[in-house]
Amino acid sequence: MTQDSQPNKEEQVGRWYLRFNWYHRFIHVLIMFSFLGLVITGMPLKFYSEGWAQVLTRAMGGIEAAGFWHRVCGAVTFLYFFLHLVYALYYIIRIRREPILKWAFGPDSMLPSIKDVEDVTGHILWFMGLGERPKFDHFTYWEKFDYLAVFWGVGIIGLSGLTLWFPEFFSLFLPGWVFNVSIILHSDEAILASGFIFTIHFFNTHLRPEKFPLDHVVFTGKMSEEEFRHERPLEYERMVREGRLEAFETSPPSRAALLWSNIVGILTYAIGLSVLFLIFYSLIAQLH
Amino acid sequence: MRRIVRISVFLLLIAASPALALTTSDCYDCHSDDTLAKTVRGQEVSLFVDEEVYTNSVHGDMDCADCHEDLWDVEDMHEEELQAVDCGNCHDDAVEEVEAGGHMAECIDCHGKHDILSGDDPDSAVNDLKASSTCCACHSEYDSSCSYWEEGVHGRLLIEDAEDLSAACNDCHGSHDIRGADEEESTVARHRINETCGVCHPDVLETYQSSIHGDAFEGNGDEAPVCTSCHSPHRTEAALEEQFQLTVVERCSACHEEMSYSFSKNFHGQRTWLGDAKVAQCIECHGAHEILPGDDPDSMIHPDNLVATCGQCHSGANVNFIQYMPHADYHDADHYPMLYYLYVAMVFLLFSVFFFFGIHTLLWFLRTFKAYRNGSGEDH
């Protein structure tokens, strides 16, 4: 590779390594579909007075049908949340190779560490041309933020959503004003979550120039050696040092897998960015 | 009584002077010809009188000259133009009422001419079942009241079921003393409409009269809602129909604008906006005709009754449940401080996240974009 050429992330030659196993990928697909479903069926309620909200509701077969699918997607959300907790527990008990505290603050954990604080600062300085680009490990700080934000989001939106789904049950032990609180939490957190996913997550993970138009790794699970060394040099060096790299080597992604990723990705962009436009449009219109 | 006296006098007159007037059979010599016609302003007008129809009409026993007075002293051919018949000779009460009310129609416009039947006869043009088409012959040209009425529950019952239990035009507007709604004496004037509707809906009227709206009407009638403030007068919607349920908020908001705004800010209101008629609108919680203020022990929204009121839809509603505030407005810091500060905190969170990541993402983009444009591959 010459000095001027760009690393070609779609190049299907060279070595490839497995970053996400089928379980990771499956959970990500569940998140995508349920999240899009929740956004499409839920946003009309938030922006009830807008024309598009009424058109969209009619298109979904009315408010009853929209509510039904919203609850189905909500149930899928609780399902993937539960499946992930099971996996995390399994990982901690069976797969973890280091003592628990060392693992928890080490590079293979999703928990924030001192290095993440240094990376945020270093990265921003690098944006402004004031230093070297930080070297990242298995999980970058923005990936950890995305991950932990789902915990926060599912916690806030999920619990408030449950109280609104089963108000009679929750009123057995909670005062009714909790439902007023839930309405605010549920709808404002939904704006935060969808706004974040459809702008920040889309850009940081998929749309920035190195990844444009899509980072396939979350669909195929595979990343090229070039990408690995460039994106996560610390992890790469560590694995070479520890002699574990070969264990993760895999075949290049198939054309079918790439095609499938592109189709799903582009549809998701289309839905996400359209909803984003409608939210912005409505929020601005409501200011006047 | 007066009419009978008059008719008797006419009959006596006619009996006493047979030689003077044309007899009815003389008239039929010409007028039984169904091609007999004259031309008025370019329009052909038939002069045919169907003997059978006339004989069966309510006036069938009377002679032509009883009404066409200018035939009294005619022995052979009458003049081409006869004077208009003055129905007031017999029906003076009705004519006086029409004149006082100011309705522009002539007697014949509603009742017909030689085919007049008693109002009780279902084929009569002024029978309840037909009255509306009679009125609408003119009124559908002036306004939409007729087409609205046909859409409404009154019209549909009368037209589709052909049962005279529902209100036709004359039931509300009267028959002869028809007046504009802006006139004091009108049966459909604001201060009289409740009584007019109450003729058929006495229970509703009684309930309304003991409600806060009825009270307000007694006190200061100008501001209180009357029947037609909530129920469109011609397009009378059936209250259980979706169309009424979905527009009830709009109706109440004509006076209770703030309440309808805060209603929309909450779950029931949002669902209503999106076309859910099943969810609670104003009347499910406040009642319809029986609306009372919240501090009245009989009010549906009195704290003692709320469990039952919410329980209509939410089976299992309890004392906790009713602490839900269906009109909460989180923009209103004075009345809902907790919700307001929660909302402010959420907005703060939203702005913080987007402020940090917005700048972060923008700088990142600019940095990588620049590196790519310069073609220095390893600098990103």
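Residues numbered from 1 in each chain as written. Chains lettered and ligands numbered in written order. Predicted model: local features only at pLDDT ≥ 70, side-chain atom pairs only at ≥ 80, totals over all residues.

## Digging into the overall build of chain B
Which entries qualify depends on this criterion: Strands are runs of DSSP state E lasting at least two residues, helices are runs of H or I lasting at least four, and both sets are numbered from the N terminus onward. Atoms counted for the radius of gyration: C-alpha only. Globule rule: 2.2 Å times the number of residues to the power 0.38. Here a residue counts as buried when 20 or more other C-beta atoms fall within 10 Å of its C-beta, as exposed when 12 or fewer do, and as partly exposed in between; the C-beta atoms come from the backbone. Contact between residues is assigned whenever the C-beta positions, reconstructed from backbone atoms, fall within 7 Å.
A count of helical and extended segments in chain B gives 20 helices and two strands. At 35 Å, chain B has a C-alpha radius of gyration far larger than the 21 Å of a compact globule built from 380 residues. Classification of the 380 residues of chain B by burial places 27% in the buried group. Considering only residue pairs separated by 6 or more positions, chain B has 46% of its internal contacts joining residues 24 or more positions apart.

## Looking at the overall build of chain A
When helices and strands are tallied, chain A shows 12 helices and three strands. Dimensions along the principal axes, computed over C-alpha positions, put chain A at roughly 60 × 45 × 40 Å. Out of the 288 residues in chain A, the part that is buried amounts to 28%. Of all intrachain contacts in chain A linking residues separated by at least 6 positions in sequence, the fraction that spans at least 24 positions is 77%.

## Observations concerning the sheet that holds strand β1 (residues 16-18) of chain A
Residues and elements named next belong to chain A. Heads up, the condition is: The rule for pairing is simple: two strands pair if DSSP sees at least two bridges between them.
Within the open sheet, the three strands sit side by side as β2-β1-β3. Their pairing is antiparallel. The sheet is open, and its two edges are formed by β2 (222-224) and β3 (249-250), each paired on a single side. Summarising the sheet, β1 and β3 pair through two bridges and their orientation is antiparallel. Bridge pairing in β3 places Trp-16 opposite Thr-250.

## Some thoughts on the domain arrangement of chain B
We count it as follows: An automatic or database domain assignment provides the domain bounds reported here.
According to the domain assignment, chain B contains domain 1 (2-89), domain 2 (117-230), domain 3 (251-323) and domain 4 (337-379). Each of domain 1 of chain B and domain 2 of chain B has a C-alpha centre, and these two points are 37 Å apart.

## What about the interface of chain B and chain A?
Stated precisely, the cut-off is as follows: Note on residue classes: Ala, Val, Leu, Ile, Met, Phe, Trp, Tyr, Cys and Pro are nonpolar, Asp, Glu, Lys and Arg are charged, and everything else, Gly too, is polar.
In this assembly, 42 residues from chain B lie in contact with 42 residues from chain A. Elements supplying a minimum of two residues to the side of chain B that touches chain A: α17 (267-273) and α20 (337-374) of chain B. The element best represented in the side of chain B that touches chain A is α20 of chain B, accounting for 18 residues. Taken together, the residues that form the side of chain B that touches chain A break down as 24 nonpolar, 15 polar and three charged.

## Considerations on unusual backbone geometry
With an omega of 0°, the peptide bond running from Phe-212 of chain A to Pro-213 of chain A counts as cis. Following the sequence through the fold, Pro-213 of chain A ends up in the loop between α8 (177-207) and α9 (217-220). A positive phi is found at Arg-41 of chain B, a non-glycine position, where the angle reads about 45°. With respect to the helices and strands, Arg-41 of chain B occurs in the loop between β1 (37-40) and β2 (43-46). For Arg-41 of chain B, a count of 5 C-beta atoms within 10 Å translates into the label exposed.

## What about the environment of His-111 of chain B?
All names here are of chain B. Within the secondary structure, His-111 is located in helix α6 (residues 107-111). Residue classification places His-111 among the buried residues on the basis of 20 C-beta atoms within 10 Å. For the pair His-111 and Cys-146, spaced 35 residues apart in sequence, the C-alpha separation works out to 19 Å. Beyond its immediate stretch of four places on either side in the chain, His-111 contacts Ile-116, Ala-125 and Val-126.

## Topic: the pairing of β1 of chain B
A regular strand places its side chains on the two faces of the sheet in alternate fashion. Residues and elements named next belong to chain B. Bridge analysis of β1 against β2 gives four bridges, and the strand direction is antiparallel. Its bridge partner being in β2, Val-40 is matched across the sheet by Gln-43. As consecutive antiparallel partners, β1 and β2 are separated by two residues, and within that stretch Arg-41 has a phi angle of approximately 45°, a positive value.

## As for the confidence of the model for chain B
As a reminder of what qualifies: Residue-level confidence of the predictor is what pLDDT reports, using numbers from 0 through 100.
Predicted confidence across chain B gives a mean pLDDT of 87, with 93% of residues reaching 70 or more. Listed scores for the predicted complex are pTM 0.82 and ipTM 0.89.

## Points about the nonpolar core
The cut-off we apply is this: Each nonpolar core reported here comprises buried Ala, Val, Leu, Ile, Met, Phe, Trp, Tyr and Cys residues connected via C-beta atoms within 7 Å.
Among the nonpolar cores identified, the biggest contains 41 residues, and Tyr-48 and Ile-184 of chain A together with Leu-274, Ile-322, Tyr-330 and Leu-339 of chain B are the most heavily contacted of them. For this core, the secondary-structure elements that each account for two or more residues are α1 (22-46), α3 (63-95), α6 (141-165), α8 and α12 (255-287) of chain A together with α17, α19 (306-311) and α20 of chain B. Broken down by element, this core gets its largest block of residues, 11 residues, from α8 of chain A. Ile-322 of chain B has contacts with Gly-176 of chain A together with Leu-306, Val-307, Cys-310 and Ala-317 of chain B, leaving out every residue within four places of it along the chain. By size, the runner-up hydrophobic cluster in this structure holds 10 residues, among which are Cys-110, Ala-125, Ala-168 and Cys-169 of chain B.

## A word on the packing of helix α5 (residues 114-127) of chain A against α20 of chain B
Packed helices, taken two at a time, are described by the angle their axes make and the gap between the axes. How we decide: The angle between two axes is taken between their N-to-C directions and runs from 0 to 180 degrees, where each axis is a line fitted to C-alpha atoms and a helix contributes only its stretch in contact. Geometric relationships in this document are graded by angle, where less than 35 degrees denotes roughly parallel, more than 145 denotes roughly antiparallel, 65 to 115 denotes roughly perpendicular, and other angles denote oblique. Each helix crossing is assigned a hand: it is left-handed if the near helix lies turned anticlockwise from the far helix by less than a right angle, otherwise right-handed if that turn is clockwise.
Between α5 of chain A and α20 of chain B, the shortest axis-to-axis distance is 8 Å and the interhelical angle comes to 50°. Relative to α20 of chain B, the element α5 of chain A lies oblique. Where α5 of chain A crosses over α20 of chain B, the two elements pack in a sense that is left-handed. In this structure, α5 of chain A contributes Ile-124, Trp-126 and Phe-127 of chain A to the contact, and α20 of chain B contributes His-360, Leu-363, Trp-364 and Arg-367 of chain B. Grouping the amino acids of the contact of α5 of chain A with α20 of chain B by side-chain chemistry returns five nonpolar, one polar and one charged.

## Some remarks on α1 of chain A
Quick reminder of the rule: The length a helix should cover is 1.5 Å for every residue beyond the first. Here the bend at a residue means the angle between the axes of two seven-residue stretches, the one that ends at it and the one that starts at it.
Between its first and last C-alpha atoms α1 of chain A spans 35 Å; for 25 residues at 1.5 Å apiece the expected length is 36 Å, and the two agree. Its axis deflected by about 25° at Ile-40 of chain A, α1 of chain A carries its strongest bend there, up to four residues before the proline Pro-44 of chain A. Burial in α1 of chain A covers these residues: Ser-34, Phe-35, Leu-38, Val-39, Thr-41, Gly-42, Met-43, Pro-44, Leu-45 and Lys-46 of chain A. Where α1 of chain A is buried, its residues touch α2 (51-59), α3, α8 and α12 of chain A together with α17 of chain B.

## Examining the environment of Glu-237 of chain B
All names here are of chain B. Within the secondary structure, Glu-237 sits in the loop between α14 (227-230) and α15 (242-253). Exposure remark for Glu-237: the 19 C-beta atoms within 10 Å place this residue in the partly exposed category. Between the C-alpha atoms of Glu-237 and His-154, which are 83 residues apart in sequence, the distance is 8.4 Å.

## Concerning the confidence of the model for chain A
Looking at chain A as a whole, its pLDDT mean stands at 91, while 95% of the residues score no less than 70. Confidence over residues 1-11 of chain A falls short of pLDDT 50; this stretch has 11 contacts with residues more than four positions distant or in other chains.

## Observations concerning the packing of α15 of chain B against helix α16 (residues 257-264) of chain B
All names here are of chain B. Packing of α15 against α16 brings their axes to within 7 Å, and their N-to-C directions diverge by 145°. Residue-level inspection shows Val-249, Cys-252 and Ser-253 of α15 in contact with α16, the latter providing Glu-257, Ser-260 and Phe-263. For the contact of α15 with α16, the class distribution of residues is three nonpolar, two polar and one charged.

## Concerning the environment of Met-239 of chain A
All names here are of chain A. Within the secondary structure, Met-239 is located in helix α11 (residues 233-242). With 222 residues separating them along the chain, Met-239 and Tyr-17 place their C-alpha atoms 12 Å apart. If we skip the residues at most four places from it in the chain, Met-239 touches Arg-244 and Leu-245.

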